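# Topology and contacts: notes
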Amino acid sequence: MSSIDLTGKVAVVTGSGRGLGLAYAHALAAAGASVVVNDVDEAVAEQAVEAIIGAGGTAVAEVVAVGTAEAADRLVGRAVAEFGRLDVLVANAGILRDKVLWKMTDDDFDAVLTTHLKGTFTCARAAAVRMREQGGGGTLILVGSPAGQRGNFGQTNYSAAKAGIAAMARTWSMELGRAGITVNAIVPVAATAMTETIPAFAPYIEAMKQGEPLPDFLRRGEGFGTPEDCAPLVPFLASEAARGVTGQAIGIGGDKVTLWSHPQEIRAAYADGGWTPEALADVWHTSVGAEPQTVGIPAPAPAPAPAPKAPEAS
């Protein structure tokens, strides 16, 4: 099996001071890439750079909040100024402002959309411009979420942004294909500051912090693990081994990797001359709507305990 070697490649990873972003930056550096670490906290960004250098990698920090075109230009410009080019963008930066619909403010909505959706757009645009100018292709890795694939209670803003990111990956894979630039959305599931706020996962994350391993039903059944479990997908997608992989939504977490389907029609019915409301009501429950699609992220369900053994006959 060929090794993944990113020697000579340059990557920008947004929101990479901690959590998943930090794991992606470490994985890219370990494969040989030079990395621009990005965070809004200078101390956190510098600590990440020191850790990468200490492990034998190459990295610099660029402290800026993603969202604006100016921030995106700074990130791309730093990569080019320090290392001469840009080959990989991982658009990972994100925030949460969770509230149910009737309590969510305009500021709650706008802040999340600015960081996740507009931040991904502006950074990808700046990266695509640079990659097309320098030639030789490139890699855009956009970070999605199960919330964007299925929705999640209390996350109108976050779910909308992540769904939009998956849609942008499909669109950009078509637009940038001729330039040799691959574009994929990854859908990581890991124990982070974001997921530990989810009640179903919280006790397991707390136990993990105390040194206990995550149970198999989480690692395999739910595909839920550590940020480091998700990280290998990033250098793979940035490598020559994944040159033909584009326009996909790829899930990873724990011991599990998955390919998400694109939204598609699953059932159809026809009426000569078109439909009336009454005709739709007559056929809905026995035709198109017979098997409605589920919504939400399924809560982890522990595997049933084994049945007790029957006493042996004496």
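Above this text is the structure in question.
Residues numbered from 1 in each chain as written. Predicted model: local features only at pLDDT ≥ 70, side-chain atom pairs only at ≥ 80, totals over all residues. Heavy atoms only, no water.

### Brief notes about empty space enclosed by the protein
As enumerated under the stated definition, the model contains one cavity of 30 Å³ or more in all. Computed from the structure, the largest cavity encloses a volume of approximately 40 Å³. Lining the largest cavity are T14, V66, A91, N92, A93, T115, H116, G119, T120 and C123. Looking at the lining of the largest cavity, the element that brings in the most residues is helix α4 (residues 106-134), giving five residues. (1 Å grid on protein atoms, 1.4 Å probe; cavity = no way out; pocket = protein on both sides within 12 Å on 5 of 7 lines; lining within 4 Å. Points joined across faces, edges and corners; volume = space filled by probe spheres on them. Helix = DSSP H or I, 4+ residues; strand = E, 2+ residues; numbered from the N terminus.)

### Digging into the pattern of salt bridges
The full count for this structure, using the stated rule, is eight salt bridges. Across the salt bridge formed by R85 and D87, the nearest N and O atoms sit 2.9 Å from each other. A relative accessible area of 28% means that R85 is categorised as partly exposed. The buried category is assigned to D87, whose relative accessible area is 5%. (Salt bridge = Lys/Arg side-chain N within 4 Å of Asp/Glu carboxyl O. Buried < 20%, exposed > 50% of the residue type's maximum accessible area, 1.4 Å probe, protein only.)

### Details of the sheet that holds strand β8 (residues 256-260)
Read across the sheet, eight strands follow the order β3-β2-β1-β4-β5-β6-β7-β8 without closing on themselves; strand pairing throughout is mixed. Looking at strand neighbours, the two that pair on one side only are β3 (58-63) and β8, the edges of this open sheet. Shown here is a sheet whose adjacent strand axes are inclined to one another by a mean of 20 degrees, direction ignored. Relative to strand β7 (residues 249-253), strand β6 (residues 181-188) runs parallel, the two being bridged by four bridges. By the bridge assignment, V187 is partnered in β7 with G251. Those strands touched by helix α2 (residues 42-54) are β2 (34-39) and β3, and its axis lies near 175 degrees from that of β3. Packing against the sheet, helix α6 (residues 156-175) makes contact with β5 (138-143) and β6, and its axis sits at approximately 160 degrees to β5. (Pairing = 2+ DSSP bridges. Axes fitted to C-alpha atoms, helices over the stretch in contact; angles between N-to-C directions. Contact = heavy atoms within 4.5 Å.)

### Focus on a negative patch on the surface
Side chains of D41, E42, E46 and E50 sit close together on the surface and give a patch of like negative charge. Mapped onto the fold, D41 is located in the loop between β2 and α2. (Patch = residues over 30% accessible without salt bridge, like charges linked within 9 Å, V, L, I, M, F, W, Y side chains within 5 Å. Areas by Shrake-Rupley, 256 points an atom, 1.4 Å probe, with all protein chains shown as cover. Lys, Arg positive; Asp, Glu negative; His and termini not counted. Charge placed at Lys NZ, Arg CZ, Asp CG, Glu CD.)

### Considerations on the packing of aromatic side chains
Evaluated as defined, the whole model comprises one aromatic pair. Both rings, one in Y204 and one in F217, keep their centres 5.5 Å apart while their planes meet at 80 degrees; by these two values the pair is edge-to-face. Placement of the pair is Y204 in helix α7 (residues 202-209) and F217 in helix α8 (residues 216-222), with a sequence separation of 13 residues. By relative accessible area, Y204 is classed as partly exposed at 24%. For F217, a relative accessible area of 17% translates into the label buried. (Phe/Tyr/Trp six-rings, centres within 6.5 Å; stacked < 30°, edge-to-face > 60°.)

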